[in-house]
Amino acid sequence: MSTTVAQDRYAAEKQKFQELFDQTEAANQQPAHPLDEYRQRAMALVGTLDFPTRRWEEYKYTSVNRILQPDYAIGQVQGVDAADIKTYLPEGMDAHLIVFVNGQLSEALSQFAELPAGMHVMLLRDAMDSDRFGSIAREQLDNILKDQDDIFVALNAAFSQHSLFLYSEKNVVCEKPVYILHLSTNAETPILNSHMNIAVAETGSEFAYIEGQFEKPGATGTYFNNIYNRVTVGANAHIHHYCLQQEGADGFVINRVDAEQDRDSQFSNYTVDLGGRIVRNNLNTVHKGSNLTTNYYGVYFGKEQQHIDNHTFIDHAVPHCQSNELYKGIVTDSARGVFNGKVMVRKDAQKTNAFQQSSSLVLSNKAEMDSKPQLEIFADDVKCSHGATIGQLDESSVFYLRSRGLNDRQARAMLQHAFIAEVLEYFKHEQVRDFAEMLINQKFEQ
Amino acid sequence: MLTVKDLKVAVEDKTILNGINLEVKPGEVHAIMGPNGSGKSTFANVIAGREDYEVESGSVLYKGEDLLEMEVDERALAGIFMAFQYPVEIPGVSTSNFLKSIVNANREARGLEEMNAMQMLKYIREKIELVGMDEKFLRRSLNEGFSGGEKKRSEMLQMALLEPSLAILDETDSGLDIDALRIVSEAVNKLRTQDRSFIIVTHYQRLLNYIEPDFVHVLYKGRIVKSGDKSLALELEDKGYDWIKEEVDAVAV
């Protein structure tokens, strides 16, 4: 055992998380809940797993070292009122709002009550207590912990006290998206924000949920959003999952989504990353039934020291499935972008139609983009295409726009905007598309 | 309007324009003709402000100011419009947004208020009719997938919207069928005013059947070797460029 400890580069950091967990448990005034048992199991799992290093192939371009250094504490709901929320609810944005401040649920600002019949959003601990959802919730949690090899998921499961459970009944279509808003405000110490969503759509149902990760304007501070989503899309169902992220200069973000789709279903993930110091997205989908579609649409814009890493995986395990993946981003100053898109087409997955495109603009000498499409195809009757482009703005286009009276800055902004706007056209919900567009425009104006 | 004196321009150390002299007064239409490689397009691009050219000597005054010191967008805002031979396709930039941006940028430069959405729509519709374009193009990406004729029409639409003082048409007629050619020349004729000047660069005389120039200049080996009125264009149509080349080359020897 002593050799294992010696090899664990992050033993001290793991110890800090253990201490934080122990403190949290000691301070917990609530009576023990079955969820706490899962959380303790998850923390035990953290002890057996390692944090990734650059020597790991999947973390070759992204070091988590900087994320692990701060002495994190658990945050509190503070410094936010209903007026602050308005910034993130622009006109036309009509959604069922659930608000987390510094990782803690703000019941006062959330609207659990107004959901349409057949659509359920509740705390995971309440779902576990209910007769109707208890067994589903436990099964999901068991699956998350079973054979889990990602230390960040284990850490998430250990610390996420206000996990949400989203559930649409058979054939229910929920028109209004559920909007889970994470706000970071000023805090004296670095904050660990762990949040888990378990989303389940039963046969023939459809809903959308938005995860917003924002820093309150004018706030500063270090924090680590460790977010985990477990998505189960039933037969002929559709889940839309939007991730809009505009964290501050000292915000660290690790998002992981594990989706599982049944036959004839659709899962669409739309990701917009504009902020954060280090951002790592792990987006994974496994196909369990035929004739289904997976859509990944991503936009990112990194400036200064930002590091934005999109790691995607689509596991085509059955025939007649389709996947569409389009990522576009801009990096400038000393920012760095990473795209690693793995598509597995297993032997039985005949007639697979898989499309992947990653395009980026690298606008300064110090900016960097690493793009790695990774197609592993074991079936012989498939259509798979992938493209990766890394380039600069077309100077003849800049000249053309300037020849009509736009100045150099306006011309470049128009072209950069056009470059990433293509992805926004795939955003199904117009209000989210407009919101994303507004956020992107703000970033251009910075 | 425009005074060009002894303009010498090189591209990658090769002299393309070898002493151009030209005076364009308000309201005049000048046609610049010449064989391939004579420097016609280079001249148009230097006036528009393309930076790949090195001005070796000479001067260009536009409304009394040193044009060569102005950036390309400054020239545009000062009222110079260039209709390009090959307009670039710009995917993702919607034609309508682009037109709104350029109209308002030019209005701002002229001290006019920005147009609101309604005024803009009315203004664009009016000009779209003038150039005989289909409104559906407004919803498409700028020039993307447009045919040759549609691209030229889009250039004419921009010209009509920006109401320049000096418009340069760089081989706008090349490759157009007769219908498209008519539309381009009608647009120019409708926009002709006492104050607005045109420089029409063309390889073929055909366009000048529709747009009557005040002056015709023949460019050869980077110099204007012959100037005249519209009858010179007809003569060129009859005899081609060879007689001019011979004349010039004989003198040079």
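Description of the structure in this document. (Residues numbered from 1 in each chain as written. Chains lettered and ligands numbered in written order. Predicted model: local features only at pLDDT ≥ 70, side-chain atom pairs only at ≥ 80, totals over all residues. Heavy atoms only, no water.)

## Section: the overall build of chain A
Argument step 1. For chain A, the helix and strand inventory stands at 11 helices and 20 strands.
Argument step 2. Whereas a compact globule of 446 residues would reach a radius of gyration of roughly 22 Å, chain A reaches 21 Å, a difference of no more than 12%.
Argument step 3. For chain A, the C-alpha atoms occupy an extent of roughly 70 × 55 × 50 Å along the three principal directions.
Argument step 4. The buried share among the 446 residues of chain A stands at 60%. (Helix = DSSP H or I, 4+ residues; strand = E, 2+ residues; numbered from the N terminus. Rg over C-alpha atoms; globule rule 2.2 N^0.38 Å. Buried < 20%, exposed > 50% of the residue type's maximum accessible area, 1.4 Å probe, protein only.)

## Side note on the interface of chain B and chain A
Argument step 1. Across the contact, 29 residues belong to chain B and 15 residues belong to chain A.
Argument step 2. Buried area between chain B and chain A, summed over both chains or domains, comes out near 1,800 Å², and the portion from carbon and sulfur atoms is 68%.
Argument step 3. The tally of links between chain B and chain A comes to 3 salt bridges.
Argument step 4. There are 9 residue pairs in polar contact (both at pLDDT 80 or more) connecting chain B and chain A.
Argument step 5. At the level of secondary structure, the elements contributing two or more residues to the side of chain B that touches chain A comprise helix H2 (72-77), strand E6 (80-83), strand E7 (90-94), helix H3 (95-109) and helix H5 (148-162) of chain B. (Contact = heavy atoms within 4.5 Å. Buried area = accessible area lost by both parts, 1.4 Å probe. Salt bridge = Lys/Arg side-chain N within 4 Å of Asp/Glu carboxyl O. Polar contact = N/O pair within 3.5 Å; in protein donor to acceptor, adjacent residues only side chain to side chain.)

## Describing helix H1 (residues 40-48) of chain B
All names here are of chain B.
Argument step 1. Judged by how many residues are buried, H1 sits mostly within the fold: 9 of 9 residues are covered.
Argument step 2. Within the span of H1, buried status applies to Lys40, Ser41, Thr42, Phe43, Ala44, Asn45, Val46, Ile47 and Ala48.
Argument step 3. Just downstream of H1 lies Gly49, where phi reads positive at about 110°.

## Examining the sheet that holds strand E2 (residues 14-24) of chain B
Residue and element names in this part refer to chain B.
Argument step 1. On the basis of which strands lie adjacent, the open sheet formed by 4 strands has the order E2-E1-E4-E5 and antiparallel pairing. If you trace the sheet from one side to the other, it starts and ends with E2 and strand E5 (65-66), each paired once.
Argument step 2. Where strand E4 (residues 54-62) and E5 come together, 2 bridges link them in antiparallel fashion. For Leu61, the partnering residue across the bridge sits in E5 and is Asp66. (Pairing = 2+ DSSP bridges.)

## Observations concerning the layout of surface pockets
Argument step 1. Empty space within the largest pocket amounts to approximately 1,400 Å³.
Argument step 2. What lines the largest pocket is a set of 49 residues, and nearest its centre among them are Ala413(A), Met414(A), Leu415(A), His417(A) and Ala418(A).
Argument step 3. Elements represented by at least two residues in the lining of the largest pocket include exactly helix H10 (408-424) and helix H11 (430-445) of chain A together with E7 and H3 of chain B.
Argument step 4. Of all the elements, H10(A) adds the most residues to the lining of the largest pocket, at 13 residues.
Argument step 5. In this structure, the second largest pocket spans a volume of roughly 930 Å³.
Argument step 6. Forming the boundary of the second largest pocket are 38 residues, of which Gln148(A), Arg230(A), Arg256(A), Asp258(A) and Asn284(A) lie nearest the centre.
Argument step 7. Every element with two or more residues in the lining of the second largest pocket is listed here: helix H7 (134-145), helix H8 (151-159), strand E9 (223-233), strand E11 (251-261), strand E13 (278-287), strand E15 (307-316) and strand E17 (336-345) of chain A. (1 Å grid on protein atoms, 1.4 Å probe; cavity = no way out; pocket = protein on both sides within 12 Å on 5 of 7 lines; lining within 4 Å. Points joined across faces, edges and corners; volume = space filled by probe spheres on them.)

## Digging into the pattern of salt bridges
Argument step 1. Taken as a whole and judged by the stated rule, the model has 38 salt bridges over all chains.
Argument step 2. One salt bridge connects Arg125(B) with Glu135(B), and the closest N-O pair in it is separated by 3.1 Å. Taken as a pair, Arg125(B) in helix H4 (residues 117-130) and Glu135(B) in the loop between H4 and strand E8 (141-142) lie far apart in primary sequence, 10 residues in all.
Argument step 3. Close ionic contact of Glu235(B) with Lys239(B) constitutes a salt bridge, the shortest N to O distance being 3.2 Å. Taken together, the positions of Glu235(B) and Lys239(B), both in helix H7 (residues 230-239) and 4 residues apart, correspond to about one turn of that helix.
Argument step 4. Sharing partners across several salt bridges, the network here consists of Glu395(A), Arg402(A), Asp408(A), Arg412(A), Glu71(B) and Asp73(B).

## Quick look at the environment of Lys221(B)
Residue and element names in this part refer to chain B.
Argument step 1. Structurally, Lys221 is set in the loop between strand E11 (215-220) and strand E12 (223-228).
Argument step 2. Under the relative-accessibility criterion, Lys221 is labelled exposed at 51%.
Argument step 3. Separated by 188 residues in the primary sequence, Lys221 and Met33 have C-alpha atoms spaced 12 Å apart.
Argument step 4. Each residue touching Lys221, except ones within four places of it in the same chain, is listed here: Ile16, Asn18, Ser38 and Asp249.

## Regarding the pairing of strand E12 (residues 266-273) of chain A
Looking down a regular strand, the side chains alternate between one sheet face and the other.
Residue and element names in this part refer to chain A.
Argument step 1. Within E12, 7 of the 8 residues are buried, leaving the element largely enclosed by the surrounding structure.
Argument step 2. For strand E10 (residues 238-246) and E12, the ladder comprises 8 bridges, and the chain directions are parallel. Note that in E12 the partner of His240 across the bridge is Ser268.
Argument step 3. As defined by bridge partners, E12 adjoins strand E14 (residues 293-302) across 8 bridges and the pair is classed as parallel. Counted as the bridge partner of Val272 is Val299 from E14.

## Side note on the packing of helix H3 (residues 34-48) of chain A against H8(A)
Two numbers describe a pair of packed helices, the interaxial angle and the distance between the axes.
Residue and element names in this part refer to chain A.
Argument step 1. Running from N to C, H3 and H8 point in directions that differ by 150°, and their axes come no closer than 7 Å. By the angle between their axes, H3 is roughly antiparallel relative to H8. You can see that H3 and H8 cross each other, and the crossing is left-handed. On the side of H3, the interface is formed by Arg39, Ala42, Met43, Leu45 and Val46, while H8 contributes Ile151, Ala154, Leu155, Ala157, Ala158 and Phe159.
Argument step 2. Residue composition of the contact of H3 with H8, by class: 10 nonpolar, no polar and 1 charged. (Axes fitted to C-alpha atoms, helices over the stretch in contact; angles between N-to-C directions. Parallel < 35°, antiparallel > 145°, perpendicular 65-115°, else oblique. Left-handed = near helix turned anticlockwise from the far one by under 90°. Nonpolar A, V, L, I, M, F, W, Y, C, P; charged D, E, K, R; others polar.)

## A closer look at H10(A)
Residues and elements named next belong to chain A.
Argument step 1. Between its terminal C-alpha atoms H10 stretches 24 Å, which fits the 24 Å expected from 17 residues at 1.5 Å a residue.
Argument step 2. If you look at H10, its biggest bend is around 25°, right at Ala418.
Argument step 3. Listed in full, the buried residues belonging to H10 are Ala411, Met414, Leu415, Gln416, His417, Ala418, Phe419, Ile420, Ala421, Val423 and Leu424.
Argument step 4. Between the side-chain oxygen of the N-cap and the backbone nitrogen of Arg409 there are 3.1 Å, and the N-cap of H10 in question is Asn407. (Expected span 1.5 Å × (residues − 1). Bend = angle between axes of the 7 residues up to and from the residue.)

## Overview of the nonpolar core
Argument step 1. Within the largest apolar cluster, 116 residues are counted, with the highest numbers of intra-cluster contacts made by Tyr179(A), Leu401(A), Leu2(B), Phe43(B) and Ile199(B).
Argument step 2. Among the elements that take part in this core, H10(A) stands out by supplying 8 residues, more than any other.
Argument step 3. Ranked by size, the runner-up nonpolar core spans 45 residues in total, among them Tyr59(A), Phe152(A), Leu155(A) and Ile278(A). (Core = buried A, V, L, I, M, F, W, Y, C linked by side-chain atoms within 4.5 Å.)

## Describing the packing of aromatic side chains
Residues and elements named next belong to chain A.
Argument step 1. For the structure shown, the criterion picks out 25 aromatic pairs over all chains.
Argument step 2. Between the aromatic rings of Phe17 and Tyr72, the centroid separation amounts to 6.3 Å while the plane-to-plane angle is 20°, which identifies the pairing as stacked. In this pair, Phe17 sits in helix H2 (residues 11-27) while Tyr72 sits in the loop between helix H4 (65-68) and strand E1 (73-74), placing the two residues 55 residues apart along the sequence. Across the pair, exposure class does not vary: Phe17 and Tyr72 are buried alike.
Argument step 3. On the numbers, 6.5 Å between centres and 80° between planes, the contact of Trp56 with Tyr59 is edge-to-face.
Argument step 4. Among the aromatic side chains, those forming a connected cluster through ring pairs are Tyr10, Phe17, Phe51, Tyr72, Phe152 and Phe224.
Argument step 5. Between the NZ or CZ atom of Lys443 and the centre of the ring of Phe301, over which it lies, the distance is 5.6 Å. (Phe/Tyr/Trp six-rings, centres within 6.5 Å; stacked < 30°, edge-to-face > 60°. Lys NZ or Arg CZ within 6 Å of the ring centre and 35° of its normal.)

## Description of the packing of H3(B) against H4(B)
All names here are of chain B.
Argument step 1. H4 packs onto H3 with a crossing angle of 100° between their chain directions and a minimal axis gap of 11 Å. Considering the angle they form, H3 stands roughly perpendicular to H4. Each of Leu99, Lys100, Val103 and Asn104 in H3 lies in contact with H4, whose residues at this interface are Met120, Tyr123 and Ile124.
Argument step 2. Partitioned by chemical class, the residues of the contact of H3 with H4 number 5 nonpolar, 1 polar and 1 charged.

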